[in-house]
Amino acid sequence: MNLDLARWQFAVTTVYHFFFVPITLGTVWFVVGFQTAWYRTGKEKYLRLTKFFGKLFLINFAMGVVTGIVQEFQFGMNWSDYSRFVGDVFGAPLAMEGLLAFFLESTFLGLWIFGWDRLPKKLHLATIWAAATGTLLSAFFILAANSWMQHPVGFEISATTGRAVLNDIGAVLFQNTSLLAFTHTISASFIVAGSFVAGIAAWHLSKGRHIEVFRPAVKAGAWVILVAAVAVSITGDLDSKLMVEQQPMKMAAAEALYQSADSAPFSILSIGDISGENATRIIEVPGLLSFLATGSFDGRVEGINDLQAQYVQTYGPGDYVPYVPATYWGFRLMIGLGMVSALYALWVLWRFRGGRAPRSKTFVWISGLITLFPLLGISAGWIFTEMGRQPWVVFGLQQTADGVSPLVTTTEILISFIGFTLIYAVLAVFELRILLKTIKAGPAEVTSVDPFEDSKNDSDKNLYFAY
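Just so it is clear, the structure is predicted and the values come from calculations on it, not from any experiment.

Asks: I'd love a proper account of the packing of helix α2 (residues 44–77) against helix α6 (residues 176–206), names of residues and values included.
Replies: For the pair α2 and α6, interaxial distance at closest approach is 12 Å and the crossing angle is 130°. One finds that α2 runs oblique with respect to α6. As α2 packs across α6, the resulting crossing turns out to be right-handed. In this structure, α2 uses Phe52, Phe53, Leu56 and Asn60 to contact α6, whose residues at the interface are Phe196, Val197, Ile200 and His204.

Okay, structure coming up:
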């Protein structure tokens, strides 16, 4: 009971927190791009886009910080045996994230927020570049910690304490698992942010508002989606092949493949009981699973039954099969919603060709849905990654059931679970209200006052503006 409640609490808080992560990671770079364009061209529309999407970024950043702190407390609250066993290794990249990356992004973000009328134009631009770099570093360190759970390296088990001890931080940070996870996640975050920007801009265009401002925003969002989709496809293909090497059970569960097969097909849709072998595959692509797993359409993919027997021989008696329905559908939602977003980007670029700015209801409805699709897709991918690792909390090293706090009672977990869930529900209402109010208000008019005469050094000039 304690294990199930602890897992549910961590799942709810993690998924809720993760909603803000990709929006923040990608949107900040749109802010960087718009402000850089304003600095280079002096065009007011880029300044208005900077301020508008900067507000939306800050709202998500604040919520991400609050919900992220709660996550880390759970390691000591519900997962103390896990923290005690691997905390010396797992805690190192998280400490780096807090001391280096979060310090960098929060410090320079503060300078960016309060420095508009106090810092030279070029220096103020540098602050948002530094803050955006800090968000990337934060993501890198956190993903390095998670990648270590997927593929533990750079450690040894202490003969005296029986705990995992870090002996190679470079291996933890820069193993191929963490590098691929970072590039894949960041690329997917840009799809999320591109859809976020394009969808909001499309809604304003449908109302006939700020056309000169939002038309370039829609196109910028579409181009970012398209480029990021290519990057996601490449990194996803590499990641799937690496996953077969490190966690072959996860790939087998992604297809609900129970019997090992050569030229294994990939099913687009199945009906029936995916957790057994009686599901009916409606649409299959011959050899595609083999290609995803091995790089060859004729390659052999090991099935769940054979892998279960191998794991029993290696790790001892137990059930090493993850919850197959979650991995099967999570894998397809991740891929499918990403592909839909890429098609949307192509459609937008076609609709906006030659100076056009479509305002039809169909365009707005599709753009609104696309705003949600990549966010749901990347969340499904994250759920697939985590649930596909089960029953391991650290693959091959510690099972999830062995990481739960032994002294925390069922009542205590239940109270905190209900409490956090209710608080997050209230926060979600406030978050949506603030976001929707800010989006509806649109970009404010900007009044520029330049008290400096033209000089050779452009950084000596300050821009003062009011909403």
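Asks: Could you give an account of the nonpolar core, naming the residues involved and the relevant values?
Replies: Within the largest apolar cluster, 71 residues are counted, with the highest numbers of intra-cluster contacts made by Leu49, Phe53, Leu56, Ile128, Phe214 and Ala217. Top element by residues in this core is α6. It accounts for 13 residues. Apart from the residues lying within four places of it in its own chain, the contact partners of Leu49 are Phe34, Gly54, Val213, Phe214 and Ala217. Ala6, Tyr82, Val89 and Val393 belong to the second-largest nonpolar core, a separate cluster that totals 17 residues.

Asks: Quick rundown of the packing of aromatic side chains? Include the residues and the values.
Replies: In total, this model carries 32 aromatic pairs according to the counting rule given. Between the aromatic rings of Tyr315 and Trp392, the centroid separation amounts to 4.8 Å while the plane-to-plane angle is 65°, which identifies the pairing as edge-to-face. Remark: Trp392 occurs in strand β7 (residues 392–394) and Tyr315 occurs in helix α10 (residues 304–315); sequence separation between them is 77 residues. The class for Trp392 is buried, based on a relative accessible area of 5%. Three or more aromatic residues link up through ring pairs in this structure, and these residues are Phe30, Phe34, Phe52, Phe53 and Phe214. The ring of Trp112 carries the charged tip of Lys51 above its face, separated from the ring centre by 5.9 Å. A cation over an aromatic ring shows up here: Lys121 above the ring of Trp38, its NZ or CZ 4.5 Å from the ring centre.

Asks: Account for the environment of Gly442, with residues named and values stated.
Replies: Within the secondary structure layout, Gly442 lies in the segment after α13 (410–441). Judged by relative accessible area, which is 13%, Gly442 ranks as buried. If sequence neighbours within four positions are ignored, Gly442 has contacts with Phe52 and His204.

Asks: Before we move on, could you go through a positive patch on the surface and cite the residues and values that matter?
Replies: On the surface, Lys207, Arg209, Lys361 and Lys440 cluster together into a patch of positive charge. In this structure, Lys361 sits in helix α12 (residues 361–387).

Asks: Break down the packing of helix α1 (residues 2–41) against α6 for me, citing the residues and quoting the values.
Replies: At a closest axis distance of 7 Å, the pairing of α1 and α6 adopts a crossing angle of 70°. As the angle between them shows, α1 and α6 are arranged roughly perpendicular. The hand of the α1/α6 crossing is right-handed. Residues Pro22, Ile23, Leu25, Gly26, Thr27, Trp29 and Phe30 of α1 form the contact with α6, whose own contacting residues are Ile186, Ser189, Phe190, Val192, Ala193, Gly194, Phe196 and Val197. Among the residues forming the contact of α1 with α6, the class breakdown is 11 nonpolar, four polar and no charged.

Asks: How would you sum up empty space enclosed by the protein? Please name residues and give values.
Replies: Taking a probe equal in size to a water molecule and rolling it over the atoms shows the remaining empty space. Counted under the stated rule, the structure contains two cavities of 30 Å³ or more. The volume enclosed by the second largest cavity comes to roughly 30 Å³. What lines the second largest cavity is Gln247, Met249, Lys250, Tyr311, Tyr320, Gly388, Arg389, Gln390, Pro391, Trp392 and Phe395. Here the lining of the second largest cavity is composed, by residue class, of six nonpolar, three polar and two charged.

Cut-offs and rules
- Residues numbered from 1 in each chain as written.
- Predicted model: local features only at pLDDT ≥ 70, side-chain atom pairs only at ≥ 80, totals over all residues.
- Heavy atoms only, no water.
- Axes fitted to C-alpha atoms, helices over the stretch in contact; angles between N-to-C directions.
- Helix = DSSP H or I, 4+ residues; strand = E, 2+ residues; numbered from the N terminus.
- Parallel < 35°, antiparallel > 145°, perpendicular 65-115°, else oblique.
- Left-handed = near helix turned anticlockwise from the far one by under 90°.
- Contact = heavy atoms within 4.5 Å.
- Core = buried A, V, L, I, M, F, W, Y, C linked by side-chain atoms within 4.5 Å.
- Buried < 20%, exposed > 50% of the residue type's maximum accessible area, 1.4 Å probe, protein only.
- Phe/Tyr/Trp six-rings, centres within 6.5 Å; stacked < 30°, edge-to-face > 60°.
- Lys NZ or Arg CZ within 6 Å of the ring centre and 35° of its normal.
- Patch = residues over 30% accessible without salt bridge, like charges linked within 9 Å, V, L, I, M, F, W, Y side chains within 5 Å.
- Areas by Shrake-Rupley, 256 points an atom, 1.4 Å probe, with all protein chains shown as cover.
- Salt bridge = Lys/Arg side-chain N within 4 Å of Asp/Glu carboxyl O.
- Lys, Arg positive; Asp, Glu negative; His and termini not counted.
- Charge placed at Lys NZ, Arg CZ, Asp CG, Glu CD.
- Nonpolar A, V, L, I, M, F, W, Y, C, P; charged D, E, K, R; others polar.
- 1 Å grid on protein atoms, 1.4 Å probe; cavity = no way out; pocket = protein on both sides within 12 Å on 5 of 7 lines; lining within 4 Å.
- Points joined across faces, edges and corners; volume = space filled by probe spheres on them.

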